[in-house]
Amino acid sequence: MGFADYKVFGVPGEWHVEHDGKVANTYETKEAAFEAAAAAASIALREGHEIRITAPGSKGGTETTTGARY
């Protein structure tokens, strides 16, 4: 089977998930983007693919722990 890579990226209030070089949606929080990536990765895993999800940590003082705007 293949490899499915999901990358969460963005700024507070505008988070995205990149998969296969494509970005389809915008999420209010980093947590919401991660949950979308995890749901997609779960399907890929069920289909037999190796998966990876990456997401940035919080940047002290510039965002909340969920990546929402202040």
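Refer to the structure printed above.
All figures in this text were calculated on a predicted structure; none of them were measured in a lab.

Caption draft 1: Summary view of the environment of E14. Counting through the fold element by element, E14 comes out in strand β2 (residues 14-19). For the pair E14 and K30, spaced 16 residues apart in the sequence, the C-alpha separation amounts to 8.2 Å.

Caption draft 2: Looking closely at the sheet that holds strand β1 (residues 3-11). Taken together, 4 strands build an open sheet; the order of strands is β3-β2-β1-β4 and the sheet is mixed. Of all the strands in the sheet, just β3 (22-23) and β4 (50-54) have a single pairing partner and so form its edges. Direction of pairing for β1 relative to β4: parallel, over a ladder of 5 bridges. Counted as the bridge partner of D5 is R52 from β4.

Caption draft 3: Broad picture of the pairing of β2. Here β1 pairs with β2 via 6 bridges, running antiparallel. What sits directly across from F9, in β2, is H16. Between the end of β1 and the start of β2, which pair antiparallel, lie 2 residues, with G13 showing a positive phi angle near 90°. Strand direction decides the pairing type here: β2 and β3, joined by 2 bridges, are antiparallel. Across the sheet, H19 pairs through a bridge with K22, a residue of β3. The antiparallel hairpin formed by β2 and β3 contains 2 residues in its connecting segment, where D20 sits at a positive phi of about 55°.

Caption draft 4: Examining the nonpolar core more closely. Counting residues in hydrophobic clusters, the biggest one holds 10 residues: A4, Y6, V8, W15, V17, Y27, A33, A37, A41 and A44. Mapped onto this core, the elements with two or more residues apiece are β1, β2 and α1 (30-46). Counting residues per element, this core draws most heavily on α1, which supplies 4 residues.

Parameters and conventions
- Residues numbered from 1 in each chain as written.
- Predicted model: local features only at pLDDT ≥ 70, side-chain atom pairs only at ≥ 80, totals over all residues.
- Heavy atoms only, no water.
- Helix = DSSP H or I, 4+ residues; strand = E, 2+ residues; numbered from the N terminus.
- Pairing = 2+ DSSP bridges.
- Core = buried A, V, L, I, M, F, W, Y, C linked by side-chain atoms within 4.5 Å.
- Buried < 20%, exposed > 50% of the residue type's maximum accessible area, 1.4 Å probe, protein only.

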